[in-house]
Amino acid sequence: MRRLPPLSAVRVFDAAARQENFTAAAAELGMTQAAVSYQIRLLEERLGLSLFARNKGRVSLTEAGRRLGPLVASAFDTLDDAFSGLLADDSGILSISAAQSLASEWLAPRLGAFQVRHPDLAVRLSTDNRLVDFTTGEHHAAIRVGRGDWSGLRCHFLFRMTMSPICSPEFRDRHLLERPEQLVDVPRLSPQDVWWCDWLREVGVDASVDASAAGLQLDNQVMEANAVRAGSGIALMTPMFWRMELATGRLVQPFPHIMLTDRSHWLVYPEGRRAQPKIAAFREWLLKQVEEAKKAEPAEIFEPPPPLS
C-alpha cells in the first residue's frame, strides 16, 4: 500500500503552489477559497509540516513547500502523459514530426509502405525544423537532429548528418568544376555557413567563412534544391536524401567527398510512451528502413559519432 495523502488535497496544493495565491487556485479549480484553505491545512496536518506561510491575508511557500511543489507538478505531468497516451492510442492516430528535408525527401516516400502495413492507423507527418514540445500532446514521435542527449526522451540513432556540394549539371559544366578549390570562386548557396569551411578544409582547401559574404541564404535543403536546379549556385546538401535526383542526372555531386557532421538523426519519443503499440510499430519499421538504406550508402554514415569528452 502506498502511504499517500489524499490526492484531492495534493491537487489543490499543486494549483496553490503554482499560483502562490489561494483565491487564484480556487478560481482555477472551481472551488471556494475556504475549500482550498481547508485542503491545504488537511495536507499540512497529514505531513506535519507547514507548506505555506500566512501573513496578513497573503500566502507564500515555505522551504518545504518550495521543495515539494516541483515534485508534485512533475508527478501530475507524468499522470497526464500516461492518460493522454492511452487516449491517443484509442484515437488511432500516429503523429510524427521531422525536419523538412528529411521528411519530404527520405521519410515521406517510404511512409506509404508503413500505412499499408498498418491500415488502422491514420499517419500524420508534419515538417518543422524546431524541436518538438511533447508536453503539448500534438506529436507522438519525432525525428530530431542533434546528439541524442535529450532528457526524458527515448532516443534511437538512425544515421549521421552528412554534407557534400551538389549542383545542377549545367552549373557544373558552366564553371568547369574539376577541383574543390574552384568552389571558393563560384556562387555558393548559404556561403556564410561554417560547414562550407569544414568541407573545404577536409578536402585540403584553406577557406574561411565571411559572415558578411553576399549570397542566397536558405534554411532547408528542399529550398536549396529548387535554387540549385535553377542554376543559382552550388549547395551543401545530404546526398542520401537526393539519390533519385542524382541517379537521373537532374542534380550532380561534382566531388565524391562526403563530410560527416557532428550531428545525427534520431528517432525520439517520451520515455513513458515506449510501450505504446503504435510507437513500437513505427520504431520497428523505421529501423528496418535504416537497415535497408545501408545497402546503398557509405557504412560510416550509420556509425554513431563518438561521445563528447
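Before reading further, recall that the structure is shown in the block above.
### Considering the overall build of the protein chain
The helix and strand inventory of the protein chain stands at 10 helices and eight strands. Dimensions of the protein chain, computed from the C-alpha atoms along their principal axes, are close to 80 × 50 × 35 Å. Here the protein chain holds 309 residues, and the buried ones make up 44% of them. Restricting to contacts in the protein chain with at least 6 residues of sequence separation, those with at least 24 account for 69%.

### Re the sheet that holds strand E4 (residues 122-127)
What the six strands build is an open sheet, ordered E4-E3-E5-E8-E6-E7; its pairing is mixed. The open sheet terminates on both sides in strands that have one partner only, identified here as E4 and strand E7 (235-237). Across the sheet, the axes of successive neighbouring strands diverge by a mean angle of 25°, strand direction being ignored. Sheet topology places strand E6 (residues 153-166) next to E7; three bridges connect them, and they run antiparallel. Bridge pairing in E7 links Pro165 to Leu236. Running at roughly 35° to E6, helix H10 (residues 277-293) makes contact with strand E3 (93-98), strand E5 (141-146), E6 and strand E8 (259-270) of the sheet.

### Observations concerning helix H8 (residues 221-229)
Since there are 3.6 residues in each turn of an α-helix, residues three or four apart along the chain are aligned in direction. Among the residues making up H8, those that are buried are Gln221, Val222, Glu224, Ala225, Ala227 and Val228. Taking the backbone nitrogen of Val222 as reference, a side-chain oxygen 3.0 Å away marks Asn220 as the first, capping residue of H8. Gly231 sits one or two residues past H8 and shows a positive phi near 80°.

### Here's the deal with the layout of surface pockets
Roughly 560 Å³ of volume is contained in the largest pocket. Taken together, 31 residues form the lining of the largest pocket, with Ala99, Asn129, Val145, Met161 and Asp219 sitting closest to its centre. In terms of residue count, E5 provides more of the lining of the largest pocket than any other element does, four residues in total. Taken together, the residues that form the lining of the largest pocket break down as 16 nonpolar, eight polar and seven charged.

### Some thoughts on the packing of helix H1 (residues 7-19) against helix H3 (residues 33-47)
Orientation of H1 relative to H3, taken along the N-to-C sense of each, is 110°, at an axis distance of 9 Å. Put simply, H1 runs roughly perpendicular to H3. For the pair H1 and H3, the crossing hand works out as left-handed. From H1, Ser8, Ala9, Val10, Val12, Phe13 and Ala16 reach across to H3, where they touch Val36, Gln39, Ile40 and Leu43. Residue classes in the contact of H1 with H3 are distributed as eight nonpolar, two polar and no charged.

### Focus: the pattern of salt bridges
Tallied over the entire structure, the rule returns 17 salt bridges. For Glu297, the salt bridge goes to Arg243, with nearest N and O atoms at 2.8 Å. Residue Glu297 is located in the segment after H10, and its partner Arg243 is located in helix H9 (residues 243-248); the two are separated by 54 residues in the primary sequence. Judged by its relative accessible area of 10%, Glu297 falls in the buried class. Each of the salt bridges in this network shares a partner with another, and the network as a whole consists of Asp14, Arg18 and Glu28.

### Re the side chain of His139
Structurally, the position occupied by His139 is in the loop between E4 and E5. Judged by its relative accessible area of 9%, His139 falls in the buried class. Separated by 2.8 Å, the side chains of His139 and Ser126 make a polar contact.

### Brief notes about the pairing of E6
Of all the 14 residues making up E6, 13 are buried; the element is thus mostly covered by neighbouring parts of the structure. Bridge count for E6 against E8 is nine bridges, and the pairing is antiparallel. In the sheet register, Phe157 faces E8, and the bridge partner there is Trp266.

### Let's talk about the side chain of Thr62
Looking at where Thr62 falls in the secondary structure, it is placed in the loop between strand E2 (58-61) and helix H4 (63-91). Taking the relative accessible area as the measure of exposure, Thr62 reaches 18% and is therefore buried. A polar side-chain atom of Thr62 sits 2.6 Å from the main-chain carbonyl oxygen of Ser50. When residues no more than four places from it in sequence are discounted, the contact partners of Thr62 are Ser50, Leu51, Phe52 and Ala53.

### Digging into the environment of Gln100
Looking at where Gln100 falls in the secondary structure, it is placed in helix H5 (residues 100-117). On a C-alpha basis, the gap between Gln100 and Pro119 in space is 25 Å, while along the polypeptide they are 19 residues apart. The contacts of Gln100, once residues within four sequence positions are left out, are Thr127, Asn129, Asn220 and Val222.

Reading the values: the criteria
- Starting afresh in each chain, residues are numbered from 1 along the sequence in its written order.
- For a predicted model such as this one, the threshold for reporting local features is a pLDDT of at least 70, and the threshold for listing and counting side-chain atom pairs is 80 or more; totals across whole chains, interfaces and linings nevertheless cover every residue.
- Only heavy atoms go into the side-chain values, all of them from the structure, while hydrogens and water stay out.
- Secondary structure elements follow DSSP: runs of H or I no shorter than four residues count as helices, runs of E no shorter than two count as strands, and numbering proceeds from the N terminus.
- Only protein chains enter the accessibility calculation, which uses a 1.4 Å probe. A residue is then buried if its area is under 20% of the maximum for its type, exposed if over 50%, and partly exposed in between.
- Working rule for contacts: check all heavy atoms of both residues, and any pair within 4.5 Å makes them a contact.
- A pair of strands is treated as paired once DSSP finds two or more bridges between them.
- Every axis corresponds to a line fitted to the C-alpha atoms, with the helix fit spanning only the stretch in contact, and the corresponding angles, defined between N-to-C directions, vary from 0 to 180 degrees.
- In protein, a polar contact requires one atom able to donate a hydrogen and another able to accept it; more generally it is a pair of N or O atoms within 3.5 Å, and residues adjacent in sequence count only if both atoms are side-chain atoms.
- Here a cavity means grid points, on a 1 Å grid over the protein atoms only, where a 1.4 Å probe fits yet cannot get out; a pocket means an open set of points with protein on both sides within 12 Å along at least five of seven lines; lining residues are those with an atom within 4 Å of a point.
- Grid points are joined across faces, edges and corners, and a volume is the space filled by probe spheres set on the points.
- For this classification, the nonpolar set comprises Ala, Val, Leu, Ile, Met, Phe, Trp, Tyr, Cys and Pro, the charged set comprises Asp, Glu, Lys and Arg, and every other residue, Gly included, is treated as polar.
- Under this scheme an angle from 65 to 115 degrees is roughly perpendicular, one under 35 degrees roughly parallel, and one over 145 degrees roughly antiparallel; angles in between are oblique.
- By the definition used in this description, the sense in which the near helix is turned from the far one sets the handedness, with an anticlockwise turn below a right angle giving left-handed and a clockwise turn giving right-handed.
- Here a salt bridge means any side-chain nitrogen of Lys or Arg lying within 4 Å of a carboxyl oxygen belonging to Asp or Glu.

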